[in-house]
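# Close look at the chain arrangement
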Amino acid sequence: MKRIGLFGGSFDPIHFGHLRIALDAKRSLSLAEVWFLPTVLTPLKSGQAASFDHRCKMIERMIKPYRKLKLCTLEASLPQPNYTITTVRELKSFDPTVEFVWIMGSDQADQFSLWKEPEELLRLIRFAVYPRNPEDSIPNGMIRLPYRDYLAYSSTEIRQGKAELTKPSIVAYMMENGLYLEEIAKSMVSPKRWIHVASMCDLALRIAKAHQIDENKVRTAALLHDCMKNQPRQRLATILTIHEPNYLSQPQALWHQRAGMYFARQTLKIRDRSILAAIGHHVEGDHHDPIVRVIYLADKLDESRGYDGKDTIDLALRDLDAAYKIVRNQQAEYLLKEGIDV
């Protein structure tokens, strides 16, 4: 009888831990294949941040090199909210000769009694459980798999900027589609700084809309423009030493903008030149790109800074270049006082 592993979850997004679990389970349980079954909605979990379609496309990018790992989109065709018992019955009806094994972590196993028809599930298929901690107990009737430290990986960490936990192609997909962007940006700055970032983003989008400038690009640049603002000086210095050592001669007040640009490019895999330029020049605004100018103006005119820039904001909504010239002249005077020559 052919044995197939079923690996259900939100995969929001998929990470290297998920991949290693699937490969390890295939070997440990002598499985012919492992099928990833992303949920549309998870009854015992709060809502997902990315759509079912986006999560499926990220899974496909992760498992592409592995012939025996498959994506199963069955749940999208089932009534919602769906339950594992329904999924299992549907799968078994397709081919009664297949032996299915459900793969999960001990955190899910601890909640198994809350699943719909748990006794019937145990009758229909086997369950294989990875303990999240070596001392975790596993419910009777389930297969205990070896503890693996990569179970400590989490999708939450990726949504907080730890992009190294998943494939670069998935990170690039996330950024291209604006997935988890606000959560990543918020996790990288202080609560006080986030008030400015969120407010400035709203203003940037207003200006972009008024001039029919790409709002998706503006949103990405706005949310990430201060991503390095609250990072330690040594981290900024390290990033600049690697990517642009000559910039270390600039005043430290400017370091975070260029370090943020390199973080966006190297870690978040952003390749759009306008977005990168907007992050890398948002303090002094010395760039001709209209997206750079939108971010520069929004950063300087943001009302959360506590001063009244309403007249200049109104001008920016009518005439981007005129507002840019005014703010740039005002900012040049301030930066010169700070020892920064623009």
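Residues numbered from 1 in each chain as written. Predicted model: local features only at pLDDT ≥ 70, side-chain atom pairs only at ≥ 80, totals over all residues. Heavy atoms only, no water.

## Regarding the overall build of the protein chain
The criterion, for reference: To qualify as a helix, a DSSP run of H or I must reach at least 4 residues; to qualify as a strand, a run of E must reach at least 2; elements of each kind are numbered from the N terminus. Think of it in three bands: residues with accessible area under 20% of the maximum for their type are buried, residues over 50% are exposed, and the middle band is partly exposed, with areas taken using a 1.4 Å probe on protein chains only. Any two residues whose heavy atoms approach within 4.5 Å are treated as being in contact. Accessible surface is estimated by sampling points in the Shrake-Rupley manner with a 1.4 Å probe; for residues, cover comes only from the protein chains shown. As used throughout, the charge tally considers Lys and Arg to be positive and Asp and Glu to be negative, leaving His and the chain termini uncounted. Every charge is mapped to an atom, namely NZ of Lys, CZ of Arg, CG of Asp or CD of Glu.
Helices and strands together make up the secondary structure of the protein chain, namely 16 helices and 6 strands. Referenced to the eigenvectors of the C-alpha coordinate spread, the extents of the protein chain come out at roughly 75 × 40 × 35 Å. Looking at the protein chain residue by residue over its 342 residues, the buried ones come to 51%. Restricting to contacts in the protein chain with at least 6 residues of sequence separation, those with at least 24 account for 65%. For the protein chain, the computed accessible surface area is about 16,600 Å², with 48% contributed by carbon and sulfur atoms. Taking the average location of the 47 positive side-chain charges in the protein chain and that of its 42 negative ones, the two points are 5 Å from each other.

## Regarding the packing of aromatic side chains
Operational definition: By convention, a stacked pair of Phe, Tyr or Trp rings (six-membered ring in the case of Trp) has centres within 6.5 Å and planes under 30 degrees apart, an edge-to-face pair has planes over 60 apart, and any other such pair is tilted.
Tallying each qualifying case throughout the model produces 8 aromatic pairs. Here the aromatic rings of Phe 7 and Phe 36 are separated by 5.4 Å at their centres, their planes lie at 40 degrees, and the arrangement is tilted. In this pair, Phe 7 sits in strand E1 (residues 3-9) while Phe 36 sits in strand E2 (residues 33-38), placing the two residues 29 residues apart along the sequence. Judged by its relative accessible area of 6%, Phe 7 is buried. With a centroid separation of 5.6 Å and 65 degrees between ring planes, the pair formed by Tyr 296 and Tyr 324 is classed as edge-to-face. One end of the pair, Tyr 296, is in helix H14 (residues 290-301); the other, Tyr 324, is in helix H16 (residues 320-337), with 28 residues separating them in the sequence. Residue classification places Tyr 296 among the buried positions, given a relative accessible area of 0%.

## Describing unusual backbone geometry
Of the consecutive residues Asp 12 and Pro 13, the connecting peptide bond is found in the cis state with omega at 5 degrees. Examined against the element boundaries, Pro 13 turns out to sit in the loop between E1 and helix H1 (16-28). Along the chain, Gln 80 connects to Pro 81 via a cis peptide bond; the corresponding omega equals 0 degrees. Position of Pro 81 among the secondary structure elements: in the loop between strand E3 (69-71) and helix H3 (84-94).

## As for the side chain of Asp 24
Basically, it comes down to this: Under the rule applied, a polar contact is a pair of N or O atoms within 3.5 Å (in protein, one hydrogen donor and one hydrogen acceptor; residues adjacent in sequence only if both atoms are side-chain atoms).
Locating Asp 24 in the fold gives a position in helix H1. For Asp 24, a relative accessible area of 2% corresponds to the buried category. Here the side chain of Asp 24 touches Arg 148 through a polar contact of 3.0 Å, side chain to side chain.

## Re the pairing of E1
The side chains of a regular strand alternate between the sheet's two faces. Test applied: What makes two strands pair is DSSP finding at least two bridges between them.
A large share of E1 lies buried, amounting to 6 of its 7 residues. Sheet analysis places E1 next to strand E4 (residues 99-105), joined by 5 bridges and oriented parallel. Residue pairing for E4: Leu 6 is matched across the bridge by Trp 102. Summarising the sheet, E1 and E2 pair through 6 bridges and their orientation is parallel. Within E2, the residue paired with Gly 5 across the bridge is Val 34.

## Comments concerning a positive patch on the surface
For clarity, the cut-off: Residues form patches when they are more than 30% accessible in relative terms and have no salt bridge. Like charges link within 9 Å. Nonpolar side chains (Val, Leu, Ile, Met, Phe, Trp, Tyr) link within 5 Å. For salt bridges, the criterion is a side-chain nitrogen of Lys or Arg within 4 Å of an Asp or Glu carboxyl oxygen.
The grouping of Lys 2, Arg 67, Lys 68 and Lys 70 at the surface amounts to a positive patch. Its location among the elements puts Arg 67 in the loop between helix H2 (52-63) and E3.

## Side note on the pattern of salt bridges
Side chains bearing opposite charge may pair, as long as their charged atoms lie close to each other. Summed over all chains, the structure comprises 17 salt bridges. The salt bridge partner of Glu 183 is Arg 159, with a shortest N-O separation of 3.3 Å. In this pair, Glu 183 sits in helix H8 (residues 181-187) while Arg 159 sits in the loop between helix H6 (155-158) and helix H7 (168-176), placing the two residues 24 residues apart along the sequence. Residue Glu 183 is classed as partly exposed on the basis of its relative accessible area of 31%. With relative accessibility at 15%, the residue Arg 159 sits in the buried group. Via salt bridges that share partners, Asp 24, Arg 27 and Arg 148 belong to a single interconnected network.

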